[in-house]
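# A closer look at the structure
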Amino acid sequence: MRLAYDGKVILNPLPVQNWLNRLAEGLFNHETPDGYSMVAASWSGPGQMMLRFEIARQIGSGSAGLFKPSEPNAADQPAFPLVQNALYFNNLRQTLSPTTLAALDQAISPQDWNTLFLSSPEFMH
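If you're wondering where the values come from, they're calculated on a predicted model, not measured in any experiment.

### Details of the side chain of Asn85
- Note on placement: Asn85 falls in the loop between α2 (46-61) and α3 (86-92).
- When its relative accessible area of 15% is taken as the criterion, Asn85 is described as buried.
- Within polar-contact distance, the side chain of Asn85 engages the backbone oxygen of Leu82 at 3.2 Å.

Dropping the structure here:
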């Protein structure tokens, strides 16, 4: 979220909370102080990966209601995620494998590029 919407204040945190809950990593939902598992087997199954790809698409394609004030009848204040930013070009790009870079080069739109990057193995790791 910080990479996609750098500096923009999220007015509606519910989509983020829903994404975390769907990933079984909700805020304050872990009962012990050791935190959520960092072992790949805990998050790399086919169902979990499909869910991660879907959430990456939602983050990378538009604001998903993140900037809609909570007042009744409030209009969404759309914001397009800008993942190809200075942090990406100065730091993150150098960490990507040739395979990931080749996939990013095949993106057909900025939304497609964002989704491919946010669901890349390096970003997931």
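Let's pick the thread back up.
### What about the packing of aromatic side chains?
- Inspection of the entire model under this criterion finds six aromatic pairs.
- Both rings, one in Tyr88 and one in Phe89, keep their centres 5.0 Å apart while their planes meet at 75 degrees; by these two values the pair is edge-to-face.
- Given a relative accessible area of 44%, Phe89 falls into the partly exposed group.
- Ring geometry for Trp113 and Phe117: centres 5.4 Å apart, planes at 15 degrees, overall stacked. Of this pair, Trp113 and Phe117 both sit in helix α5 (residues 110-118), four residues apart, which is roughly one turn of the helix. Assigned by exposure class, Trp113 and Phe117 land together as buried.
- By way of ring pairs, the aromatic residues Tyr88, Phe89, Trp113, Phe117 and Phe123 are connected into one cluster.
- Here the basic side chain of Lys8 rests over the ring of Phe67, its NZ or CZ set 4.8 Å away from the ring centre.

### Quick look at the packing of α2 against α5
- Running from N to C, α2 and α5 point in directions that differ by 140 degrees, and their axes come no closer than 8 Å. What the angle tells us is that α2 and α5 run oblique. Judged by the sense of rotation from one axis to the other, the crossing of α2 with α5 is right-handed. In this structure, α2 uses Phe53, Ala56, Arg57, Ile59, Gly60 and Ser61 to contact α5, whose residues at the interface are Gln111, Asn114, Thr115 and Leu118.
- When its residues are assigned to classes, the contact of α2 with α5 shows four nonpolar, five polar and one charged.

About the criteria used
Residues numbered from 1 in each chain as written. Predicted model: local features only at pLDDT ≥ 70, side-chain atom pairs only at ≥ 80, totals over all residues. Heavy atoms only, no water. Helix = DSSP H or I, 4+ residues; strand = E, 2+ residues; numbered from the N terminus. Buried < 20%, exposed > 50% of the residue type's maximum accessible area, 1.4 Å probe, protein only. Polar contact = N/O pair within 3.5 Å; in protein donor to acceptor, adjacent residues only side chain to side chain. Phe/Tyr/Trp six-rings, centres within 6.5 Å; stacked < 30°, edge-to-face > 60°. Lys NZ or Arg CZ within 6 Å of the ring centre and 35° of its normal. Axes fitted to C-alpha atoms, helices over the stretch in contact; angles between N-to-C directions. Parallel < 35°, antiparallel > 145°, perpendicular 65-115°, else oblique. Left-handed = near helix turned anticlockwise from the far one by under 90°. Contact = heavy atoms within 4.5 Å. Nonpolar A, V, L, I, M, F, W, Y, C, P; charged D, E, K, R; others polar.

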